[in-house]
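Chain by chain, the residues run as shown.
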Amino acid sequence: MSDEPTAVIRDYYEALRTGDPLEAYFEGDKSTVKFGISEALFGSDEVGEALRNQTETTAEWSVESGHLVVTTHTDTATFADEVTMAWTDTESGERRRFETRWSGSLVHQPSVESGGRPEWLFETMHVSTADTV
């Protein structure tokens, strides 16, 4: 995994596409927050559980970044992107597609690299859409 925030974000998109586990991209802290299209998750336990469930119940992901902007500071980074994403719900067979807006923050934790996690971890992530859910 990379030690640059932009590469970590792109790696996360690729992990979505390939159905790889996503939990390792998030900081393991009670202050970790992820807002999805239809959910609000507070704390790494909730985030991890939701991401594991998402991986188990979705397939055939398409994730296309349209305008990734990353600003890196010493130990933090912020990002924003316009992402077209689609997936198949494996329980219903329904194909879902959304034009989305992503934003959030990452924190630098070089000590986690040895554990197979990226050095930059999502602390917050917000995914929204103007589409009807």
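Residues numbered from 1 in each chain as written. Predicted model: local features only at pLDDT ≥ 70, side-chain atom pairs only at ≥ 80, totals over all residues. Heavy atoms only, no water.

S.K.: Hey, could you go over the overall build of the chain for me, with residue numbers and the actual values?
M.R.: Counting its regular elements, the chain contains two helices and seven strands. For the chain, the succession of helices and strands along the chain, N to C, is α-β-β-α-β-β-β-β-β. Over its C-alpha atoms the chain spans a radius of gyration of 14 Å, differing by no more than 12% from the 14 Å that the globule rule assigns to 133 residues. Counting only C-alpha atoms, the chain reaches 40 × 30 × 25 Å along its principal axes. Taking all 133 residues of the chain together, 41% fall into the buried category. Looking at the chain alone, contacts between residues at least 24 apart form 56% of all its contacts between residues at least 6 apart. Here the chain displays about 7100 Å² of accessible surface, and carbon together with sulfur accounts for 46% of that area. For the chain, the centre of its 10 positive side-chain charges and the centre of its 26 negative side-chain charges are spaced 5 Å apart. (Helix = DSSP H or I, 4+ residues; strand = E, 2+ residues; numbered from the N terminus. Rg over C-alpha atoms; globule rule 2.2 N^0.38 Å. Buried < 20%, exposed > 50% of the residue type's maximum accessible area, 1.4 Å probe, protein only. Contact = heavy atoms within 4.5 Å. Areas by Shrake-Rupley, 256 points an atom, 1.4 Å probe, with all protein chains shown as cover. Lys, Arg positive; Asp, Glu negative; His and termini not counted. Charge placed at Lys NZ, Arg CZ, Asp CG, Glu CD.)

S.K.: Residue-level account of helix α1 (residues 5–18), with values.
M.R.: Over its 14 residues, α1 runs 20 Å from end to end, which matches the ideal 20 Å to within 8%, given 1.5 Å per residue. Inspection of α1 places Pro 5, Val 8, Ile 9, Tyr 12, Tyr 13, Ala 15 and Leu 16 among the buried residues, and these make up the whole buried set. End-on view of α1: buried residues confined to an arc of 160°, all on one side of the axis. Gly 19 sits one or two residues past α1 and shows a positive phi near 75°. (Expected span 1.5 Å × (residues − 1). Arc of directions from axis to C-beta.)

S.K.: If you had to explain the pairing of strand β4 (residues 69–72) to someone new, which residues and values would you point to?
M.R.: Examined bridge by bridge, β4 and strand β5 (residues 76–89) share four bridges and lie antiparallel to one another. Each residue of the ladder has a partner; that of Thr 72, found in β5, is Ala 77. Hairpin remark: β4 followed by β5, antiparallel, with three residues in the connecting loop. (Pairing = 2+ DSSP bridges.)

S.K.: Summarise the packing of aromatic side chains; cite the residues concerned and give the values.
M.R.: Throughout the structure, instances matching the rule amount to 10 aromatic pairs. Residues Phe 26 and Phe 122 carry aromatic rings whose centres are separated by 5.2 Å and whose planes lie at 40° to one another, so their mutual orientation is tilted. Of this pair, Phe 26 sits in the loop between α1 and β1 (33–35) while Phe 122 sits in strand β7 (residues 120–129); the two residues are 96 residues apart in sequence, bridging distant segments of the chain. With a relative accessible area of 3%, Phe 26 lands in the buried category. (Phe/Tyr/Trp six-rings, centres within 6.5 Å; stacked < 30°, edge-to-face > 60°.)

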